[in-house]
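Residues per chain, in single letters:
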Number of protein chains: 2
Amino acid sequence: MQRYFIPQTDWEGNEVNIKGDDAHHIIRVMRSQVGDQIICNHQDGNAAVCKITSLNQDSVHATVIEWKKETVELPIAVTIAQGLPKGDKFDLVLQKGTELGANAFIPLKMDRSIVVWDGKKIEKKMARFKKIVKEASEQSHRNKIPEIALPLTVTELINESVNYDVKMFAYEEEAKVVGHQSFADIVSQMVANQSVLVCIGPEGGFSEQEARVLRENGFYSVRLGPRILRTETASLYALASLSYHFEELNGGNE
Amino acid sequence: MQRYFIPQTDWEGNEVNIKGDDAHHIIRVMRSQVGDQIICNHQDGNAAVCKITSLNQDSVHATVIEWKKETVELPIAVTIAQGLPKGDKFDLVLQKGTELGANAFIPLKMDRSIVVWDGKKIEKKMARFKKIVKEASEQSHRNKIPEIALPLTVTELINESVNYDVKMFAYEEEAKVVGHQSFADIVSQMVANQSVLVCIGPEGGFSEQEARVLRENGFYSVRLGPRILRTETASLYALASLSYHFEELNGGNE
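Quantities reported herein were computed from a predicted structural model and do not represent experimental measurements. Each chain has its residues counted from 1, running along the sequence as written. Here every chain gets a letter starting at A, and every ligand a number starting at 1, in the order they are written. Note on the predicted model: pLDDT of at least 70 is required for a residue's local features to be given, and 80 or more for side-chain atom pairs to be given and counted; whole-chain, interface and lining totals, by contrast, use all residues. Side-chain descriptors were evaluated using all non-hydrogen atoms of the structure, hydrogens and water having been removed beforehand.

A.B. asks: Account for the packing of aromatic side chains, naming residues and giving values.
C.D. replies: Any two of the Phe, Tyr and Trp rings considered here, Trp counted by its six-membered ring, make a pair once their centres fall within 6.5 Å; the pair's planes then place it as stacked at under 30 degrees, edge-to-face at over 60, or tilted in between. According to the stated counting rule, one finds 17 aromatic pairs over all chains in the structure shown. Ring centres of Phe169 of chain A and Tyr171 of chain A lie 5.6 Å apart, and the angle between their planes is 25 degrees; on these two criteria the pair is classed as stacked. Judged by relative accessible area, Phe169 of chain A falls into the buried class, the value being 0%. Residue Tyr171 of chain A is classed as buried on the basis of its relative accessible area, which comes to 11%. The rings of Phe183 and Tyr244 of chain A together with Phe183 and Tyr244 of chain B are connected pair by pair, giving a single aromatic cluster. Burial here depends on accessible area, computed with a 1.4 Å probe over protein chains only, as a share of the maximum for the residue type. Under 20% is buried, over 50% is exposed, and the range in between is partly exposed.

A.B. asks: I'd like a description of the domain arrangement of chain A, backed by residues and values.
C.D. replies: Bear in mind that the domain bounds are from an automatic or database domain assignment. The domain boundaries assigned to chain A delineate domain 1 (3-68) and domain 2 (77-249). On a C-alpha basis, the centres of domain 1 of chain A and domain 2 of chain A stand 42 Å from each other.

A.B. asks: Please give an account of the confidence of the model for chain A that cites residues and values.
C.D. replies: Confidence scores labelled pLDDT are given residue by residue by the predictor and lie between 0 and 100. The pLDDT averaged across chain A works out to 90; a share of 94% of its residues lies at or above 70. Helical segments are the DSSP runs of H or I of at least four residues, strand segments are the runs of E of at least two, and each set is numbered from the N terminus. Confidence, read as mean pLDDT per element, is least for helix 5 (residues 172-175) of chain A in chain A (59) and greatest for strand 12 (residues 195-200) of chain A (98).

A.B. asks: I'd like a description of the sheet that holds strand 3 (residues 15-18) of chain B, backed by residues and values.
C.D. replies: All names here are of chain B. Spatially, the six strands line up as an open sheet ordered 1-4-5-6-3-2, and their pairing is mixed. Only two strands of the sheet have a single partner each, and these edge strands are strand 1 (3-5) and strand 2 (11-12). Strand pairing is defined by DSSP finding a minimum of two bridges between the two strands. Across five bridges, strand 4 (residues 37-41) lies against strand 5 (residues 47-55) in antiparallel orientation. Across the sheet, the residue bridging to Asn41 is Ala47, located in strand 5.

A.B. asks: Talk me through unusual backbone geometry; I want residue IDs and the actual numbers.
C.D. replies: Residue and element names in this part refer to chain B. Look at Arg31: it is not a glycine, yet its phi comes out positive at around 50 degrees. One can find Arg31 in the loop between helix 1 (20-29) and strand 4. Residue classification places Arg31 among the exposed residues on the basis of a relative accessible area of 64%. You will see that His141, though not glycine, has its phi angle at about 60 degrees, which is positive. As for its position among the elements, His141 is in the loop between helix 3 (119-139) and strand 9 (147-148).

A.B. asks: Pulling in residues and values, what's your account of the sheet that holds strand 5 (residues 47-55) of chain A?
C.D. replies: Residue and element names in this part refer to chain A. The mixed open sheet is built from six strands, whose spatial order is 1-4-5-6-3-2. Of all strands in the sheet, those with a lone pairing partner are strand 1 (3-5) and strand 2 (11-12), marking the two edges. Relative to strand 4 (residues 37-41), strand 1 runs parallel, the two sharing three bridges. Within strand 4, the residue paired with Arg3 across the bridge is Ile39. Against the sheet, helix 1 (residues 20-29) makes contact with strand 1, strand 3 (15-18), strand 4, strand 5 and strand 6 (60-68), and its axis sits at roughly 160 degrees relative to strand 1, the strand it touches most. Residues count as neighbours in contact if any of their non-hydrogen atoms are within 4.5 Å of one another. Throughout, an axis means a line fitted to C-alpha atoms (over the contacting stretch in the case of helices), and angles, computed between N-to-C directions, take values from 0 to 180 degrees.

Dropping the structure here:
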């Protein structure tokens, strides 16, 4: 449905008087008729589906049928479970992941994680993490600040994972074997309001044991493109792809 | 298997003479022996599994066992033209952009770029940039090292842009107006072997003048998801989406 940003002055309650270029576009370009529907954006950030009630030479009158509940939030809830990485890479995952629409983050204590976040460090770290996601949420104009869990073990993650509709882990070795289900296949089967848990290994990847246990517990192993990605890049690839799929490819034109 | 990008001059048919840093890495870091295997990349984009036939103090000789038939390169050639950002963000764009499959990078001097890369700085910077993309190419097992242009003005970019099949710029304001073409629509119309130039503004975005000139010269204005992205995140969103579209959604199962 075609969308128009209507200046405040051209709204009267639920009635819209469309003039100028927008009217021209509706009348001459779209060749719309009385009864056709358009989306009108109000400057306050809301948008409404409107029905055209009259047209003349250079103006269009429309009336609101329904105010849309628009959101800049991903239609699916994506949780990134990230194997504890070295240095400040987790900060990057949080900041960029928030911009890209993540719903929550879980730091994961994994076999090949080199760093340890112990009791004293963790409180300070969590405070900094919360600041990072709050600032990134504001900067990216989100309606929601992602949650950050305390670090879990893989066993704890598996217990948590029963709450998710879809579970996957980015495992290059597995993704090379015949008959694996592709990332895009899994994504294409998801629908709005589902939740997905995406598990990314630390720098050294998953141990064979971890990969086996995840697979046994309903996690799909996927590849994220054909190149080898750094751990922090893999999280961002997953989120950007999910945004592209659900917000641009399907849904970008509503 | 460790991978090395070998300059054209060090190949003789199926024989490779490895010198300098790469030889040092093979001899001192990897402590390789005669008979060990490595992957040698040719500058034409091909790669071969090679067996080390001799080592001495500062050079390594290897011979091709098998040329690999790899397709780790994006089927479309993506050039990121990035408005000069502050701090070390350009480093991040280069490193992550290389992992995500970029073909080339163009630093752009834009109206709202705060930093200036002057004559003295630029030489040092370019040397560091080249090191970053070489290392990221090796790490992500690519067959090609992306090129990095010297900084261009928008006018110079427009002159360059005639060489591209598709041109776009990430302009949130423009993407809201009537009749914009969506990113996914444009991507969906692209086919293998085409080239695309994706222009990303600096922190402050595009000036109105820049947006107008780009539009007049055939650049589509697109949005990259509904959230406001930082300049460096926008580049990575574009590349991850293009990888997802061409390597996972279409072609992931070949």
